[in-house]
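Structural overview for review
What follows is the residue order along each chain.
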Amino acid sequence: MGFAVMSLTDAAASRVRSIVENAGADALGIRVGIKKGGCAGMEYAVDLVTEPNAKDDLIERDGAKVWVAPEAVLYLLGTQMDFEVTTLRSGFTFNNPNQTSACGCGESVELKPADLAALAARGDAVVPAN
């Protein structure tokens, strides 16, 4: 059985739609990637999309569009993106099976590439969402 690179919860899809609605006519969705930074080594990057990159994977849920940068795909395979509001912060969260550790403040993470051999052994195939 195949699966998309990432999945979105209802809360994440709702927040993406809200961001797009409030960003203006050019906004189409958001793009998720990873970048080097923080004390744990990597950070999730979330940017507004006005012109999609043809190489990105597109994840859609209930009208919300999230593009995943190609260089992030191996690090995000199997990730569930959520949105939470707490007393101290609100923001997107990532339940990522490829995360090996995180810094104390939770702003940066250590990620390993997904084990494609293990996915193949389980019978999972990575299928682009678009």
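Because the structure is a prediction, the values reported are computed rather than measured.

A word on the packing of aromatic side chains. The description of two aromatic rings rests on the distance between their centres and on the angle between their planes. Applying the stated criterion across every chain, the model contains 2 aromatic pairs. Judged by centre distance (4.1 Å) and plane angle (20°), the rings of tyrosine 44 and phenylalanine 94 are stacked. Pair noted here: tyrosine 44 is in strand E4 (residues 41-49) and phenylalanine 94 is in strand E8 (residues 90-95), with a separation of 50 residues, a long-range link. Exposure remark for phenylalanine 94: the relative accessible area of 13% places this residue in the buried category.

Bridge analysis of strand E2 (residues 6-8) against strand E7 (residues 79-85) gives 3 bridges, and the strand direction is parallel. Across the sheet, the residue bridging to leucine 8 is methionine 81, located in E7. With 6 bridges joining them, E7 and E8 adopt antiparallel strand pairing. Of the residues in E8, the one forming a bridge with glutamine 80 is asparagine 95. Two successive antiparallel strands, E7 and E8, enclose a turn made up of 4 residues.

Its 14 residues give helix H1 (residues 10-23) an end-to-end C-alpha distance of 20 Å, which sits within 8% of 20 Å, the value for a rise of 1.5 Å per residue. For H1, the full list of buried residues reads Ala12, Ala13, Val16 and Val20. An end-on view of H1 places all buried positions within 100° of arc, on one side of the element. Residues Glu21 and Asn22 are exposed on H1 and point more than 90 degrees away from its buried face. On its buried face, H1 sits against E2, strand E3 (29-37), strand E5 (57-61), strand E6 (64-68), E7 and E8.

The rules behind each value
- Residues numbered from 1 in each chain as written.
- Predicted model: local features only at pLDDT ≥ 70, side-chain atom pairs only at ≥ 80, totals over all residues.
- Heavy atoms only, no water.
- Phe/Tyr/Trp six-rings, centres within 6.5 Å; stacked < 30°, edge-to-face > 60°.
- Helix = DSSP H or I, 4+ residues; strand = E, 2+ residues; numbered from the N terminus.
- Buried < 20%, exposed > 50% of the residue type's maximum accessible area, 1.4 Å probe, protein only.
- Pairing = 2+ DSSP bridges.
- Expected span 1.5 Å × (residues − 1).
- Arc of directions from axis to C-beta.
- Contact = heavy atoms within 4.5 Å.

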